[in-house]
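Here is what each chain is made of, one letter per residue.
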Amino acid sequence: MKSCPNCHLNYDDTVSICAQCGTTLTYVADSTDHTARFTKEDISSNKVLAMIPYLMGWVGIIIALLASGTSEYASFHVKQALKIQVVTILSVLLNIVPLLGTIAFGILGVVLFVVNIICFVNVCKGLAKEPLIVSSIPFLK
């Protein structure tokens, strides 16, 4: 996908000039995709370790930390799963607010469950993408 640096309109990859202002278009990089940082060998040999944190929560995070050794791929996914678990724990604080907090907690719980599934599928595909809901959290970069 290409984007105009002036108008911020998005265009197909085949277009090279913005139809609105005439500026040369630039490619938009996906800043949440880190797959290129890891070797194919690291990804293929550590997929199972990268899946465990998403399947088993805190226990999986600890197991993957202990078993991953020097795998940067497994370490990346441990960090992402840890972010999801921290947000899950913080969402419990929503229960302080009667009714609305409980509803928000339930909705956020479902969203975080879906994010966990998406991350698991990404590991199955050999990808290293930050989950959108926790990608803006600055710790564990």
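None of the values given here were measured: they were computed from a predicted structure. (Residues numbered from 1 in each chain as written. Predicted model: local features only at pLDDT ≥ 70, side-chain atom pairs only at ≥ 80, totals over all residues. Heavy atoms only, no water.)

1. Some thoughts on the packing of aromatic side chains
Thought 1: Evaluation of the coordinates by the stated rule reveals 2 aromatic pairs.
Thought 2: Aromatic pair F38 and Y73: ring centres 5.6 Å apart, planes at 75 degrees, arrangement edge-to-face. Highlighted residues: F38 in the loop between β3 (26–27) and α1 (40–45) and Y73 in helix α3 (residues 72–91), separated in sequence by 35 residues.
Thought 3: For F38, a relative accessible area of 7% corresponds to the buried category.
Thought 4: Judged by relative accessible area, which is 0%, Y73 ranks as buried.
Thought 5: Consider the rings of F38 and F76, whose centres lie 5.8 Å apart with planes at 55 degrees: the pair is tilted. Within this pair, whereas F38 is found in the loop between β3 and α1, its partner F76 is found in helix α3, the two being separated by 38 residues in sequence. (Phe/Tyr/Trp six-rings, centres within 6.5 Å; stacked < 30°, edge-to-face > 60°. Helix = DSSP H or I, 4+ residues; strand = E, 2+ residues; numbered from the N terminus. Buried < 20%, exposed > 50% of the residue type's maximum accessible area, 1.4 Å probe, protein only.)

2. Quick look at the nonpolar core
Proteins that are soluble and globular tend to have nonpolar side chains buried together.
Thought 1: With 20 residues, the main nonpolar core has F38, Y54, Y73, I84 and V123 as its most contacted residues.
Thought 2: Of all the secondary-structure elements, those providing two or more residues to this core are α2 (47–68), α3 and α4 (100–125).
Thought 3: Here this core takes 6 residues from α3, the largest share from any one element.
Thought 4: Other than its neighbours up to four places away in sequence, I84 contacts Y54, L112, V115, N116, C119, P131 and V134. (Core = buried A, V, L, I, M, F, W, Y, C linked by side-chain atoms within 4.5 Å. Contact = heavy atoms within 4.5 Å.)

3. Considerations on the side chain of S71
Thought 1: Its place among the elements puts S71 in the loop between α2 and α3.
Thought 2: The exposure class assigned to S71 is buried, which follows from its relative accessible area of 6%.
Thought 3: For S71, the side chain forms a polar contact with the main-chain nitrogen of A74, separated by 3.1 Å.
Thought 4: Not counting the four nearest positions on each side in its chain, S71 is found in contact with D42 and N46. (Polar contact = N/O pair within 3.5 Å; in protein donor to acceptor, adjacent residues only side chain to side chain.)

4. With respect to α2
Helical geometry note: an α-helix holds 3.6 residues per turn, so side chains three or four residues apart project in the same direction.
Thought 1: Its 22 residues give α2 an end-to-end C-alpha distance of only 10 Å, which falls more than 12% under 32 Å, the value for a rise of 1.5 Å per residue.
Thought 2: Approximately 150 degrees is the largest bend angle found in α2, and it occurs at G57.
Thought 3: Restricting attention to buried positions, one finds in α2 the residues L49, A50, M51, I52, P53, Y54, G57, G60, I61, A64 and S68.
Thought 4: G69 sits one or two positions beyond α2 and adopts a positive phi of about 65 degrees. (Expected span 1.5 Å × (residues − 1). Bend = angle between axes of the 7 residues up to and from the residue.)

Read these as spatial facts, not as claims about activity.
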